[in-house]
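So you can see what is in the structure, the chains are spelled out below.
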Amino acid sequence: MTSAAVQAPARGPKLPVRVESLVVLAVMTAAMVVFAPNFLSVNNLLNILLATAVIGVLAVGATFVISSAGLDLSLGSVLALTGVCGAALVVRLGLPWPFGILGCIGAGMLVGAVNGSLVALAKLPPFIVTLGMLSAARGLGFVLSDGRPIYGLPAELVFLGQGRPFGVPMPVIVFLAAVVVGHFVLSRTRFGRYTLVVGDNEQAARVTGIHVERHKIWLYVLAGAMSGLAGLLFMTRINAADPTAGVMYELQAITAVVIGGTNLFGGRGTVIGTLIGALIMGILQNGLNLMAVQPFYQQISIGVILVLAVWLDRSRAKGQAA
Amino acid sequence: MTGALLDIRDLKKSFGPIEVLKGVSFEVAEGEVVALVGDNGAGKSTLMKIVTGVHLPDAGTVTFAGRPLPFGDPRRTRELGIEMIYQDLALAREQDVAANIFLGREPLRRMLGFLPIRVLDSHRMHDEAERIIAHLGARLPSTDYRVGSLSGGQQQSVAIARAITFQPKLVIMDEPTAALAVREVEHVLDLIRELKSRGIGVILISHRLPDVFAVADRMIALRQGVVAADVPAAETTMAEIVSHIVGAA
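Residues numbered from 1 in each chain as written. Chains lettered and ligands numbered in written order. Predicted model: local features only at pLDDT ≥ 70, side-chain atom pairs only at ≥ 80, totals over all residues. Heavy atoms only, no water.

When its secondary structure is counted, chain A shows 13 helices and two strands. Considered along the principal axes of its C-alpha atoms, chain A spans approximately 70 × 55 × 35 Å. Buried residues in chain A amount to 52% of all 322 residues. Carbon and sulfur atoms provide 71% of the accessible area of chain A, an area that totals close to 14100 Å². Both charge centroids of chain A, one from 19 positive and one from 10 negative side chains, sit 8 Å from each other. (Helix = DSSP H or I, 4+ residues; strand = E, 2+ residues; numbered from the N terminus. Buried < 20%, exposed > 50% of the residue type's maximum accessible area, 1.4 Å probe, protein only. Areas by Shrake-Rupley, 256 points an atom, 1.4 Å probe, with all protein chains shown as cover. Lys, Arg positive; Asp, Glu negative; His and termini not counted. Charge placed at Lys NZ, Arg CZ, Asp CG, Glu CD.)

Below you can see the structure in the form of structure tokens.
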């Protein structure tokens, strides 16, 4: 300990985010301020956050699963299914509005428990399990809703999607709260540490007495719960539970997670990083919209950023190993 | 027999059609260094993974400190005082030194000192990790380095620190010297002698017979799932042990 700390880059991360992510975010924001008309206004910044909120909530859950070397491709489908479940409880069965919230999140947790059990107990690859669930949950959402959106949500629920206390949209408040709590849990608690260790070296986790299977199940339940929360926000924002909602959202959420510096193969990840990743995507889309660039180019640019982010991460990891 | 720290009786284990352990029995006393030698596939690792709770045996019992040892629960086994240092070290490379030493046993504190939410007590982990590493005489730059960035010998030190931090009664080491430089090997052998002097039992699994003979009180040779020899180290020779290992005796 007396020897000087010469290998500075080997030290544990002091910043919860990669410097590269912050640089990209800053450069992109600066570019938008210069080139995109009306980019820099409180209203527009709130718009960006609002547009990011639903994907962002999914991405918080995805950060945990991916940090543990897992994967959840069913997030978007589960979002739609949970909305249908929550809406069916209050609209079809006439239960009080809090059951809409419980229905969404509870349904998400149930689906997550199924995903988690198949991954942890049946030892099936997460890719396959959640790809199956992507299809099954979407189908179940159509069955439960007869393939039609469910309208007529009570005003209390609609407030969650459309309310603006102090001018800030409710989904933005929920999203930022999820980021703060998620970051705290992943970086400061035992649950978070075990999540990273399971993703880092599952055998090490096992021999030190961590209940790996139980932990994995909880991670998928958590991702399901976040899908339920996202489903709730989506449904209450458009004032209808749409069984076609959230198609491909899981890929956007995973993109935000990876751009944010979480290792797709587990062991390393932060929720603040995911927030940055989601903001990079949100700002890019918003800025290109303001510059009246065709939406097709947004998709191209997000794809490019994703690949660049992983490439950067790889070359940095190699530099460390050498 | 009743005084033994660890008493392994007639352990059997098969993986599918392959009978890895065909009824293995031996004892380890307090402060005794027992070398477990044998060829690849002789069953050493499987035997030790049963003792640490990672694998379940098909038959047999293990008594530890006078009580039957529960199987299949690594956390409970560690709580009872059995630690194992794995050949691959079982470290989380992305986590720092302190996190690895306290893996599975992280001290917690109340959030902000009073809230009913429990968070990792980082200060305590780093303070105690520093103390234990200084005690080991290991050369580590700092406890907040990522383990993946350390050298092989340094990683070995972290694995050893993890095994001795919580006052174990028995330490099992799987090939602790295989990947080390000569000077580091001497360090590990010194540590084994120190554990012995503190009354801690040690099971040493190794292919490096010179290292084994330097510290072991007793030699147990495992061959094809059975104990081929169980002799005091002073009463045997390297050649004799080799012949037990390969089955030429």
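That covers the picture; the talk isn't over yet.
A few words now on the interface of chain A and chain B. Facing 31 residues of chain A, the contacting portion of chain B comprises 34 residues. Summing the contributions of chain A and of chain B, the shared interface buries around 2900 Å²; its carbon and sulfur component is 55%. At the junction of chain A and chain B, the tally comes to two salt bridges. Note that Arg268 of chain A and Glu94 of chain B form a salt bridge whose closest N and O atoms lie 3.3 Å from each other. In this assembly, chain A and chain B are joined by nine residue pairs in polar contact (both at pLDDT 80 or more). When residues of the side of chain A that touches chain B are traced back to their parent elements, those giving at least two are α7 (170-188), α8 (190-200) and α9 (202-207) of chain A. Counting residues per element, the side of chain A that touches chain B draws most heavily on α8 of chain A, which supplies six residues. In the side of chain A that touches chain B, the residues fall into 12 nonpolar, 11 polar and eight charged. (Contact = heavy atoms within 4.5 Å. Buried area = accessible area lost by both parts, 1.4 Å probe. Salt bridge = Lys/Arg side-chain N within 4 Å of Asp/Glu carboxyl O. Polar contact = N/O pair within 3.5 Å; in protein donor to acceptor, adjacent residues only side chain to side chain. Nonpolar A, V, L, I, M, F, W, Y, C, P; charged D, E, K, R; others polar.)

Another aspect to go through is the sheet that holds strand β6 (residues 82-85) of chain B. What holds strands together in a sheet is hydrogen bonding between their backbones, with the strands either parallel or antiparallel. Residues and elements named next belong to chain B. Here we have six strands laid out as an open sheet, ordered β6-β9-β10-β3-β11-β12, and mixed in their pairing. Since the sheet does not close on itself, it has two edges, and those belong to β6 and β12 (226-232), each with one partner. Each neighbouring strand pair of the sheet contributes to a mean axis angle of 15°, computed without reference to strand direction. The sheet contact formed by β6 and strand β9 (residues 170-174) spans four bridges and is parallel. The residue bridging Met84 from the neighbouring strand is Ile172, located in β9. Here helix α1 (residues 44-51) sits on the sheet in contact with β3 (33-38), β6, β9, β10 (201-205) and β11 (218-223), set at roughly 135° to β3. This element, helix α8 (residues 238-246), spans β3, β11 and β12 of the sheet and lies at about 25° to β11. (Pairing = 2+ DSSP bridges. Axes fitted to C-alpha atoms, helices over the stretch in contact; angles between N-to-C directions.)

One non-glycine residue with positive phi stands out, namely Met248 of chain A, at about 70°. As for its position among the elements, Met248 of chain A is in the loop between β2 (240-241) and α11 (249-259). With phi around 50°, Ala65 of chain B is a residue other than glycine that occupies positive phi space. Residue placement: Ala65 of chain B occurs in the loop between β4 (59-64) and β5 (67-68). Residue classification places Ala65 of chain B among the partly exposed positions, given a relative accessible area of 42%.

All names here are of chain B. Per-residue confidence for chain B averages 91 on the pLDDT scale, and 99% of its residues sit at or above 70. Summarising per-element confidence for chain B, the mean pLDDT is lowest in helix α6 (residues 182-197) (88) and highest in helix α3 (residues 97-101) (96). In the predicted assembly, ipTM is 0.89 and pTM is 0.91. (pLDDT = per-residue confidence, 0-100.)

Moving on: the pairing of β4 of chain B. All names here are of chain B. Alignment of strand β1 (residues 6-15) against β4, held across five bridges, turns out to be antiparallel. When the sheet's bridge partners are listed, Arg9 is paired in β4 with Thr61. In this structure, β4 lies alongside β5, joined through two bridges in antiparallel fashion. Of the residues in β5, the one forming a bridge with Phe64 is Arg67.

To continue, consider the sheet that holds β5 of chain B. Residues and elements named next belong to chain B. Read across the open sheet, the four strands follow the order β2-β1-β4-β5; overall the sheet is antiparallel. Looking at strand neighbours, the two that pair on one side only are β2 (18-28) and β5, the edges of this open sheet. Relative to β1, α1 is tilted by about 115°, and along the sheet it contacts β1 and β2.

All names here are of chain A. The N-to-C vectors of α8 and helix α10 (residues 212-238) enclose an angle of 105°; their axes lie 11 Å apart at closest approach. On the basis of their axis angle, the class for α8 and α10 is roughly perpendicular. Packed against α8, whose contacting residues are Phe191, Tyr194, Thr195 and Val198, the element α10 presents Val212, His215, Lys216, Trp218, Leu219 and Leu222 at the interface. Taken together, the residues that form the contact of α8 with α10 break down as seven nonpolar, two polar and one charged. (Parallel < 35°, antiparallel > 145°, perpendicular 65-115°, else oblique.)

This part takes up the environment of Ile220 of chain B. Its place among the elements puts Ile220 of chain B in strand β11. In this structure the C-alpha to C-alpha distance between Ile220 of chain B and Asp58 of chain B, which are 162 residues apart in sequence, comes to 22 Å.

A word on the packing of aromatic side chains. Enumeration over the complete set of coordinates arrives at three aromatic pairs over all chains. Taking 6.4 Å as the distance between ring centres and 45° as the angle between the ring planes, the aromatic pair formed by Phe64 of chain A and Phe191 of chain A counts as tilted. Here Phe64 of chain A is found in helix α2 (residues 42-67), whereas its partner Phe191 of chain A is found in helix α8, with 127 residues between them in sequence. On the numbers, 5.8 Å between centres and 85° between planes, the contact of Phe102 of chain B with Phe166 of chain B is edge-to-face. Of this pair, Phe102 of chain B sits in the loop between α3 and β7 (108-110) while Phe166 of chain B sits in the loop between α5 (152-164) and β9, and the two are 64 residues apart along the sequence. Positioned above the aromatic ring of Phe166 of chain B, the side-chain terminus of Arg105 of chain B is 3.9 Å from the ring centre. (Phe/Tyr/Trp six-rings, centres within 6.5 Å; stacked < 30°, edge-to-face > 60°. Lys NZ or Arg CZ within 6 Å of the ring centre and 35° of its normal.)

Residues and elements named next belong to chain B. A full pass over the atoms with the stated rule returns 20 salt bridges over all chains. For the salt bridge of Arg9 with Glu27, the shortest nitrogen-to-oxygen distance reads 3.2 Å. With Arg9 in strand β1 and Glu27 in strand β2, the pair connects residues that are 18 residues apart, well separated along the chain.

Before going further, it helps to spend a moment on the pairing of β1 of chain B. As judged from the eight bridges shared by β1 of chain B and β2 of chain B, these two strands associate in the antiparallel manner. Bridge pairing in β2 of chain B places Asp7 of chain B opposite Glu27 of chain B.

What follows concerns the side chain of Glu106 of chain B. With respect to the secondary-structure elements, Glu106 of chain B resides in the loop between α3 and β7. The class for Glu106 of chain B is buried, based on a relative accessible area of 1%. At a separation of 2.5 Å, a polar atom in the side chain of Glu106 of chain B contacts the side chain of Tyr194 of chain A. Those residues in contact with Glu106 of chain B that sit more than four places away from it in its chain are Arg190, Arg193 and Tyr194 of chain A together with Leu120 and Met125 of chain B.

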